[in-house]
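The lines below spell out each chain.
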Amino acid sequence: MGGGAPCFFDNMDYILAHSYSVYLRASPQWLAHRIYGNPKRPIVRKYKSLDMLTSFVEEHLAEREPHYRRAHAIVDVERQGRAGAACDIIDRIECENLL
C-alpha cells in the first residue's frame with residue numbers, strides 16, 4: 001500500500017478495523033537518503049539534491065504522521081534496522097496472538 005493511502009477518506013479506520021497496522025517510523029533524513037535516486041520512485045526523480053528531497057519528505061511526513069501514528073504498532077526502523085524491525089513486528093504479532 002502506498003504511503004499516502006491511510007491519509008485519504010476513511011482508509012485508516014478501515015485498515016485498523018480489518019488488519020494489523022504497523023507504522024515503520026524513521027526520520028525524514030533517513031527516508032530521503034533511502035529513496036534518493038531510486039528509479040522505481042518516479043515522484044522523487046525530480047529532486048536533484050538530497051536536501052531538496054529531504055524537504056519534500058519532511059513536508060509530506062508532517063501531513064501524514066497523524067494518520068500513521070494511529071497504527072496498532074509503531075516500530076522505529078531507523079534505530080532497529082530492517083532485520084530488527086522485522087523481528088519486532090513478528091514478536092508483536094505473536095504476543096498479541098494474531099497468527
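Each remark here, short or long, concerns the structure printed above.
Below is a summary of the structure that appears in this document. For every chain, the first residue of the written sequence is number 1, and numbering continues from 1 along that sequence. pLDDT decides what is reported in this predicted model: residues at 70 or higher carry local features, side-chain atom pairs at 80 or more are listed and counted, and totals for whole chains, interfaces and linings draw on all residues regardless. Only heavy atoms go into the side-chain values, all of them from the structure, while hydrogens and water stay out.

### Details of the packing of aromatic side chains
The criterion for an aromatic pair is that two Phe, Tyr or Trp rings (for Trp, the six-membered ring) have centres within 6.5 Å, with stacked assigned to planes under 30 degrees apart, edge-to-face to planes over 60 apart and tilted to the rest. With the rule as written, the count across this model stands at two aromatic pairs. Judged by centre distance (5.1 Å) and plane angle (45°), the ring pair of Tyr-23 and Tyr-68 falls under tilted. Of this pair, Tyr-23 sits in strand β1 (residues 22-25) while Tyr-68 sits in helix α3 (residues 50-68), and the two are 45 residues apart along the sequence. Each member of the pair, Tyr-23 as well as Tyr-68, is classed as buried. Here a strand is any run of E in DSSP of at least two residues, a helix any run of H or I of at least four, and the numbering for each starts at the N terminus. The rule is simple: take the accessible area with a 1.4 Å probe, protein chains only, and divide by the maximum for that residue type; under 20% is buried, over 50% is exposed, in between is partly exposed.

### Focus: the layout of surface pockets
The method works on a 1 Å grid over the protein atoms by themselves. A cavity is a set of points holding a 1.4 Å probe that cannot get out, a pocket is an open set with protein on both sides within 12 Å along at least five of seven lines, and residues with an atom within 4 Å of a point line them. Grid points are joined across faces, edges and corners, and a volume is the space filled by probe spheres set on the points. Approximately 1000 Å³ is the volume found for the largest pocket. The wall of the largest pocket is formed by 28 residues, among which Gly-2, Gly-3, Leu-31, Arg-64 and Tyr-68 lie closest to the centre. For the lining of the largest pocket, the secondary structure elements donating two or more residues are α1 (11-18), β1, α2 (28-35), α3 and α4 (77-95). Element by element, the count of residues in the lining of the largest pocket is highest for α3, at six residues. Residue composition of the lining of the largest pocket, by class: 19 nonpolar, five polar and four charged. Here the term charged refers only to Asp, Glu, Lys and Arg, the term nonpolar to Ala, Val, Leu, Ile, Met, Phe, Trp, Tyr, Cys and Pro, and the term polar to all other amino acids, Gly among them.

### Considerations on α4
For a helix, the expected span equals 1.5 Å multiplied by the residue count minus one. Over its 19 residues, α4 extends only 19 Å from the first C-alpha to the last, a length that falls short of the 27 Å expected when each residue adds 1.5 Å. At Ala-83, α4 shows its maximal bend, which comes to roughly 85°. Within the sequence span of α4, burial applies to Val-77, Ala-85 and Asp-88. Here, two residues are considered to be in contact whenever any of their heavy atoms come within 4.5 Å of each other. If you follow the buried residues of α4, they end up packed against β1, α2 and β2 (73-76). Two N or O atoms form a polar contact when they lie within 3.5 Å of each other; inside protein one atom must be a possible hydrogen donor and the other a possible acceptor, and for residues adjacent in sequence the pair counts only when both atoms belong to side chains. The backbone nitrogen of Glu-78 has a side-chain oxygen 3.2 Å away, supplied by the residue at the start of α4, namely Asp-76. Two residues or fewer past α4, Asn-97 is found with a positive phi of approximately 50°. Bend at a given residue is defined as the angle between two axes, one fitted to the seven residues that end at that position and one fitted to the seven that begin there.

### Let's talk about the side chain of Thr-54
Note that Thr-54 resides in helix α3. For Thr-54, a relative accessible area of 12% gives the class buried. Contact partners of Thr-54, with chain neighbours within four places excluded, come to Pro-28, Gln-29 and Ala-32.

### Quick notes on α2
The complete set of buried residues in α2 reads Pro-28, Ala-32 and Ile-35. What you see down the axis of α2 is that its buried residues fit within an arc of 75°, all on one side. Against the buried residues of α2 lie α3. One or two residues past the end of α2 sits Gly-37, with phi positive at roughly 75°. Directions from the helix axis toward the C-beta atoms define the arc.

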